[in-house]
Amino acid sequence: MRNHAAVESALERAQAELGPLDVLVNNAGTLAAIGPLAEVDPADWWLDVETSLRGALLCTHALLPGMLERRRGRIVNVSSYAGTRPNPFQSGYAAGKAALLSLTESLAAETAGRGVAVFAISPGYVRTAMTDRLRESGWAPNAGSGGEVDAARAGELVVFLASGAADALSGRFLHALDDCEALARRADELERDDLYVMRLRKPD
């Protein structure tokens, strides 16, 4: 999803067949650059950033004008906790996912009150070919040590967000294991206390 012309062509075909698209899930990720930053190929590192960030940008840019015109749309960016904490030996992937969190919150602020909600989610540690490759690389021996998450949980979260029941959480970073119905009921508290977003914390 990094090719602008290919993205626009694919989305034009989808809308021609399905009609206006009101839900977009940006769920692309690569982990080409595994290992010390000084040793990985910079092209692989940048590929990991681009897959997460440029892919989401291009898809969102193509569909957002229609959503805003119809005043109806929900965008779900699949990020990772890797973007919120140190992730040695996979820094390109982590940087791309961190940037996606920033994009999510900024776009949510732009579209507030205009009928479009924007969310970031983490599916948790889901067993995939990519995570298998990471674990087998030897650079992340503890990958998945917290337990695997059924991919269906992320799907259920996306369906819930697409329903509009959690629009008050627009801009927030949610996890597949969160009780998002309960969080939606606490949306005012989350906004007041700046919860479920990335923030710089400094001591008083």
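Look up: the structure comes first, before these words.
Treat the numbers as computed from the prediction; the structure is a model and nothing was measured.

Cut-offs applied
Residues numbered from 1 in each chain as written. Predicted model: local features only at pLDDT ≥ 70, side-chain atom pairs only at ≥ 80, totals over all residues. Heavy atoms only, no water. Helix = DSSP H or I, 4+ residues; strand = E, 2+ residues; numbered from the N terminus. Rg over C-alpha atoms; globule rule 2.2 N^0.38 Å. Buried < 20%, exposed > 50% of the residue type's maximum accessible area, 1.4 Å probe, protein only. Contact = heavy atoms within 4.5 Å. Areas by Shrake-Rupley, 256 points an atom, 1.4 Å probe, with all protein chains shown as cover. Lys, Arg positive; Asp, Glu negative; His and termini not counted. Charge placed at Lys NZ, Arg CZ, Asp CG, Glu CD. Pairing = 2+ DSSP bridges. Axes fitted to C-alpha atoms, helices over the stretch in contact; angles between N-to-C directions. Parallel < 35°, antiparallel > 145°, perpendicular 65-115°, else oblique. Left-handed = near helix turned anticlockwise from the far one by under 90°. Nonpolar A, V, L, I, M, F, W, Y, C, P; charged D, E, K, R; others polar. Polar contact = N/O pair within 3.5 Å; in protein donor to acceptor, adjacent residues only side chain to side chain. Right-handed = clockwise from strand over helix to strand, strands pointing away. Phe/Tyr/Trp six-rings, centres within 6.5 Å; stacked < 30°, edge-to-face > 60°. Core = buried A, V, L, I, M, F, W, Y, C linked by side-chain atoms within 4.5 Å.

## Observations concerning the overall build of the protein
Phase 1 of the analysis: The number of helices and strands found in the protein is seven helices and four strands.
Phase 2 of the analysis: Scanning the protein from its N terminus toward the C terminus, one meets helices and strands in the order α-β-α-β-α-β-α-α-β-α-α.
Phase 3 of the analysis: Relative to a compact globule of 204 residues, whose C-alpha radius of gyration would be 17 Å, the protein shows 17 Å and is just as compact.
Phase 4 of the analysis: Across its three principal directions, the C-alpha atoms of the protein cover 50 × 45 × 35 Å.
Phase 5 of the analysis: Of all 204 residues assigned to the protein, the portion counted as buried reaches 41%.
Phase 6 of the analysis: The long-range share in the protein, meaning contacts at least 24 apart out of those at least 6 apart in sequence, stands at 67%.
Phase 7 of the analysis: Surface summary for the protein: the accessible area is close to 11,000 Å², and the carbon and sulfur share equals 52%.
Phase 8 of the analysis: Measuring between centres, the 21 positive side-chain charges of the protein sit 2 Å from its 27 negative side-chain charges.

## What to know about the sheet that holds strand S3 (residues 116-122)
The pairing of strands in a sheet comes from backbone hydrogen bonds and takes either a parallel or an antiparallel form.
Phase 1 of the analysis: Read across the open sheet, the four strands follow the order S1-S2-S3-S4; overall the sheet is parallel. Lying at the two open borders of the sheet, with one neighbouring strand each, are strand S1 (23-26) and strand S4 (173-175). Shown here is a sheet whose adjacent strand axes are inclined to one another by a mean of 25°, direction ignored.
Phase 2 of the analysis: As defined by bridge partners, S1 adjoins strand S2 (residues 73-78) across four bridges and the pair is classed as parallel. Among the inter-strand pairings, Asn26 is bridged to a residue of S2, identified as Asn77.
Phase 3 of the analysis: Across the sheet, helix H3 (residues 91-111) lies against S2, S3 and S4, angled at about 160° from S3, the strand it touches most.
Phase 4 of the analysis: Contacting S1, S2, S3 and S4, helix H5 (residues 151-162) runs over the sheet at an angle of about 165° to S3.

## Section: the packing of helix H2 (residues 42-70) against H3
Phase 1 of the analysis: Interaxial distance between H2 and H3 falls to 7 Å at its minimum, and their mutual angle equals 20°. Overall, the two elements H2 and H3 adopt an arrangement that is roughly parallel. Helix-helix and strand crossings are classified by hand; for H2 and H3 the assignment is right-handed. The residues of H3 that touch H2, namely those facing Trp45, Asp48, Val49, Ser52, Leu53, Ala56, Thr60, Leu64 and Leu68, are Ser91, Gly92, Tyr93, Ala95, Gly96, Lys97, Ala99, Leu100, Leu103, Leu107 and Thr111.
Phase 2 of the analysis: Here the residues of the contact of H2 with H3 are counted per class, giving twelve nonpolar, six polar and two charged.

## Quick word on the environment of Asp150
Phase 1 of the analysis: One can find Asp150 in the loop between helix H4 (129-137) and H5.
Phase 2 of the analysis: A sequence separation of 27 residues divides Asp150 from Leu177, and the C-alpha atoms of the two residues are 9.9 Å apart.
Phase 3 of the analysis: At 3.0 Å, the side chain of Asp150 and the backbone nitrogen of Ala152 are in polar contact.

## Section: the pairing of S2
Side chains on a regular strand alternate between the two faces of the sheet.
Phase 1 of the analysis: Most of S2 is tucked away: six of the six residues are buried.
Phase 2 of the analysis: Of the two faces of S2, the one carrying Gly73, Ile75 and Asn77 and the one carrying Arg74, Val76 and Val78 are both buried.
Phase 3 of the analysis: The parallel pair S1 and S2, bridged by H2, forms a crossover whose chirality is right-handed.
Phase 4 of the analysis: Sheet analysis places S2 next to S3, joined by six bridges and oriented parallel. Note on S3: the bridge partner recorded for Val76 is Phe119.
Phase 5 of the analysis: You can see the chain leave S2, run along H3 and come back into S3, and the turn it takes is right-handed.

## Comments concerning the packing of aromatic side chains
Phase 1 of the analysis: Scanning the model with the defined rule gives three aromatic pairs in all.
Phase 2 of the analysis: Taking the centre distance of 6.4 Å and the plane angle of 15° together, the rings of Trp45 and Trp46 count as stacked.
Phase 3 of the analysis: Note on Trp46: relative accessible area 48%, which makes it partly exposed.
Phase 4 of the analysis: For the pair Tyr81 and Phe173, a centre-to-centre distance of 5.5 Å together with 70° between the ring planes defines the contact as edge-to-face. Of the two residues, Tyr81 sits in the loop between S2 and H3 while Phe173 sits in strand S4, which places them 92 residues apart along the sequence.

## Thoughts on the nonpolar core
Across soluble globular proteins, nonpolar side chains have a tendency to be buried as a group.
Phase 1 of the analysis: Membership of the largest hydrophobic core comes to 17 residues, with the highest contact counts inside it found for Ile121, Leu161, Leu169 and Leu174.
Phase 2 of the analysis: Looking at this core element by element, the count peaks at four residues for H5.
Phase 3 of the analysis: Core analysis: the next-biggest nonpolar cluster, separate from the first, contains 14 residues, Cys59, Leu63, Leu64 and Ile75 among them.

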